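Breakdown of the fold
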Amino acid sequence: MQQSEYLKGRVMALRSRHKGHDKYKSRITNLFNVYDNVSDPAEQAHNAKYLAVLVSGYLEQAIKELLLHYTFQGARPQISRYIEETWPISRNMNTQNINDILGQFNSKWSEDFLYWLEQDDNRKSNINSIVRWRNGIAHGQESNTTGVTLVSVRNAFSTIGDLVSFIDGKVKS
């Protein structure tokens, strides 16, 4: 495929800033609604762990989509393609990594992110917990998942939704 065909395809795919992660967010929201009606504690624990994995994936996907969309809006096609091709397949989106990524795009975004974290003591904890839980679940480390409940995952999901809005605002400005 020639480079111009590739770029046309990518621009079309990334034209919508929220192409995939809005659907992902809706799916998670619907699952929370379904799981709220489950009364069995063992099933609730299982559902909470499943949602923790999905919420962590949502965090990773949303940040990637927003920043790649940003690069396709303003960068030369070669730079956009380079960034897309070199983006890590999987990255633990804890607050340190998010800060590093934002700082690589714009140092002011990094400063603003750190300030945003400081505005609510739970933000950093919620983001880092969801990533830690996902890793514990994925690697069979049950001792690292004792705090995973539907309430704790919902709180993390809310914080991550706020973070996605924050990043979306940065890339729009």
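Computed from a prediction, not measured in an experiment: that's the story for all the values here. (Residues numbered from 1 in each chain as written. Predicted model: local features only at pLDDT ≥ 70, side-chain atom pairs only at ≥ 80, totals over all residues. Heavy atoms only, no water.)

1. Overview of the nonpolar core
L59, I130 and L163 are the most contacted members of the largest nonpolar core, which totals 40 residues. Residue contributions to this core peak at 12 residues, all from helix 3 (residues 41-74). Setting aside chain neighbours within four positions, we find L163 in contact with L59, I63, I98, F113, W116 and I127. (Core = buried A, V, L, I, M, F, W, Y, C linked by side-chain atoms within 4.5 Å. Buried < 20%, exposed > 50% of the residue type's maximum accessible area, 1.4 Å probe, protein only. Helix = DSSP H or I, 4+ residues; strand = E, 2+ residues; numbered from the N terminus. Contact = heavy atoms within 4.5 Å.)

2. A few points about the confidence of the model for the chain
When pLDDT is averaged across the chain, the result is 85; 86% of the residues are at 70 or more. In the model of the chain, helix 1 (residues 3-14) stands out as the element of lowest mean pLDDT, 49, in contrast to helix 6 (residues 107-118), which has the highest, 97. Across residues 12-17 the pLDDT falls below 50, and counting only partners more than four positions away or on other chains, this stretch makes 12 contacts in the model. (pLDDT = per-residue confidence, 0-100.)

3. Overview of the packing of aromatic side chains
For any pair of aromatic rings, geometry is given as the distance between the ring centres together with the angle between the planes. Counted by the stated rule, this structure contains nine aromatic pairs. Ring centres 6.4 Å apart and planes at 45° place the aromatic pair F113 and F166 in the tilted group. Of this pair, F113 sits in helix 6 while F166 sits in helix 8 (residues 150-172), and the two are 53 residues apart along the sequence. An identical accessibility class is assigned to F113 and F166; each is buried. Following the ring pairs from residue to residue traces out a cluster consisting of Y24, F32, Y58 and F157. (Phe/Tyr/Trp six-rings, centres within 6.5 Å; stacked < 30°, edge-to-face > 60°.)

4. What to know about the packing of helix 7 (residues 121-138) against helix 8
At their nearest, the axes of helix 7 and helix 8 sit 9 Å apart, and the two run at 115° to each other. In terms of their interaxial angle, helix 7 and helix 8 are classed as roughly perpendicular. In this structure, the crossing between helix 7 and helix 8 has a hand that is left-handed. Here R123, N126, I127, I130 and W133 of helix 7 come into contact with helix 8, specifically with S152, V153, N155, A156, T159, I160 and L163. Classifying every residue of the contact of helix 7 with helix 8 by side-chain character gives seven nonpolar, four polar and one charged. (Axes fitted to C-alpha atoms, helices over the stretch in contact; angles between N-to-C directions. Parallel < 35°, antiparallel > 145°, perpendicular 65-115°, else oblique. Left-handed = near helix turned anticlockwise from the far one by under 90°. Nonpolar A, V, L, I, M, F, W, Y, C, P; charged D, E, K, R; others polar.)

5. A closer look at the pattern of salt bridges
What the rule picks out here adds up to five salt bridges. Linking D36 and R154 is a salt bridge whose minimum nitrogen-to-oxygen distance equals 2.5 Å. Residue D36 is located in the loop between helix 2 (21-35) and helix 3, and its partner R154 is located in helix 8; the two are separated by 118 residues in the primary sequence. Judged by relative accessible area, which is 32%, R154 ranks as partly exposed. We note a salt bridge from K170 to D112, for which the minimum N-O separation is 2.6 Å. Placement of the pair is K170 in helix 8 and D112 in helix 6, with a sequence separation of 58 residues. Each of K108, D112 and K170 takes part in a single network of salt bridges with overlapping partners. (Salt bridge = Lys/Arg side-chain N within 4 Å of Asp/Glu carboxyl O.)

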